[in-house]
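# An overview of the molecular structure
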Amino acid sequence: MEKQRNKNKNFNKKPHDFQQKHPFKKQENKDNKAQNVRYYTYLCLYNIYVKKAFSNIEIDHIIRENNINSLDAKLLTNIVYGTLSHEMILKWEINKLCVKEPNDEAKIILLMSLYQLKYLDRIPPFAILNEAVWIARKVGSEATGKFVNAILRESQRQQLTFERKDAKDEYEYLSIYYNTPIWIIKMWENHYGKEQTLNILKANALQPPLAVRVNIHQASKELLLNNPDFIEGKLAKNSMIYQGSEAIASINEAKQGLISIQDESSQYVVEVLDPKENDKVLDMCAAPGSKTQYISELMNNTGKVLAIDIHPHRVEIMKKYLSELKLSNITCVCYDSLKLHEKTKLLNSFDKVLLDAPCLGLGVIRRKPDILHEITKDNLDSICQIQQKLLEEAYLMCKEKGEIVYSTCSINKFENDSQIISFLGKHKDVKRVFEKQIFPSDYDSDGFYICKMIKG
């Protein structure tokens, strides 16, 4: 379930007409500089910061819309996610260098340029500065270009480094250094202790591996291991880690449909569900469909899988994705799972129910760093209420002796342990048979909570 994007207080709240502010017409394609990957990177970050676009969707849109080649697409993705992942420390440096707050355009150019200067060593500094100034003039004015040039040159001169003495206390230091709000750090510390919290923060600062799942009816792990770019995963039984330099979509294994991109923890959720042949399975919040696909494959394309999602466009994407895989036992439906109780024919009818619930996503921060722009304590309260209601729907759909798996890609007891304790307190006929909190530092996979229960 998509969450509402909140206004980022660090950016101006004045209204923007993006097309007027940044006119980009097709005829500009004649200008080689209009094809500059850093210009597209700026547009992407502008939409994420100012227009509140989702990073993964916006990156894909910019790349496809402008036919960006694979090499430039890799650089764009690196700069966007790198900027978002180091945002707090980059803003700290900007605040040190600037007398007054830059406007949105200048701030975004400074953020992405400072990230390149500090963290990318293959790009000459003069090239980063020249292109930053060109973008600033293009989207702003000559004065904006001079301002950006001056700040970046001063950054080169001062070579600022954020240290413990630059923060008022340990929490502010950890917050800025690891790009995580203080209230989240304190919540983790309260739930899991200081050592585990530091492990989470350190793991979130690392580049996540590219995990794939072997499409078991098309290939085997042994077959993939013939390619030295693949190694076995650490958690899920059909997982592999791709370590090649080529884009994953361009390799033969992907083109032949032998693999699907899916993190190990996500795969493991389905393995805990353990669907059997001829089961009747409900996937309550199914999009984008990777877990649904794995469920079907483990059932050998037998039985029935009902995959539900509330968002029409996501359901259409899921339908297209699953139809290409020729899995005939899946039915995709656009519906609100909070209203499943109104479908009386479905009550007490499923052998297995998967509730991969909407959540804050604190376990996937390193993949989606813009999540931190929208998380507030109010978000936590509202999402917990939705999770409680969805659990009640899962109970009604599950038949006697059936099984419910509840999962989130989040790391906090409010969304996880506490939800299950409350749920079990209301339903004495439900027994918890498996529970696991996965931290990013455990298997170098996404943070996930998984709980399996039997009804009756």
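Only a predicted model underlies this, so the values are computations on that prediction, with no experimental measurement involved. (Residues numbered from 1 in each chain as written. Predicted model: local features only at pLDDT ≥ 70, side-chain atom pairs only at ≥ 80, totals over all residues. Heavy atoms only, no water.)

On inspection of all chains with the given rule, the structure shows 13 aromatic pairs. When the centroid spacing of 6.0 Å and the interplanar angle of 45 degrees are considered together, the rings of Y42 and Y46 count as tilted. With Y42 and Y46 both in helix 2 (residues 37-49) and four residues apart, the pair spans about one turn of that helix. Each member of the pair Y42 and Y46 is classed as buried. An aromatic cluster is built from W92, F162, Y173, Y177 and Y178, whose rings are joined through pairwise contacts. (Phe/Tyr/Trp six-rings, centres within 6.5 Å; stacked < 30°, edge-to-face > 60°. Helix = DSSP H or I, 4+ residues; strand = E, 2+ residues; numbered from the N terminus. Buried < 20%, exposed > 50% of the residue type's maximum accessible area, 1.4 Å probe, protein only.)

Both strand 5 (residues 280-283) and strand 6 (residues 304-309) contribute to a ladder of four bridges, which runs parallel. Each residue of the ladder has a partner; that of V281, found in strand 6, is V305. Regarding the hand of the β-α-β motif, the stretch spanning strand 5, helix 15 (residues 290-298) and strand 6 is right-handed. (Pairing = 2+ DSSP bridges. Right-handed = clockwise from strand over helix to strand, strands pointing away.)

At a closest axis distance of 9 Å, the pairing of helix 2 and helix 4 (residues 70-85) adopts a crossing angle of 40 degrees. In terms of their interaxial angle, helix 2 and helix 4 are classed as oblique. The crossing of helix 2 and helix 4 is right-handed. Contacts between helix 2 and helix 4 pair V37, R38, Y40, T41, C44, L45, I48 and Y49 from the former with D72, L75, L76, I79, V80, T83 and L84 from the latter. (Axes fitted to C-alpha atoms, helices over the stretch in contact; angles between N-to-C directions. Parallel < 35°, antiparallel > 145°, perpendicular 65-115°, else oblique. Left-handed = near helix turned anticlockwise from the far one by under 90°. Contact = heavy atoms within 4.5 Å.)

Once that is clear, we can look at helix 8 (residues 142-158). The periodicity of an α-helix, 3.6 residues per turn, causes residues three or four positions apart to be oriented the same way. End to end, helix 8 covers 24 Å across 17 residues, agreeing with the expected 24 Å (1.5 Å per residue, within 8%). Taken residue by residue, helix 8 has T144, G145, V148, I151, L152 and S155 as its buried positions. Projection of helix 8 onto a plane perpendicular to its axis shows the buried side chains occupying an angular sector of 135 degrees, all on one side. Pointing more than 90 degrees away from the buried face of helix 8 are the exposed residues A143, K146 and R157. Against helix 5 (87-97), helix 6 (104-119) and helix 7 (125-139) lie the buried residues of helix 8. Directly after helix 8, the chain includes Q159, whose backbone phi takes a positive value near 50 degrees. (Expected span 1.5 Å × (residues − 1). Arc of directions from axis to C-beta.)

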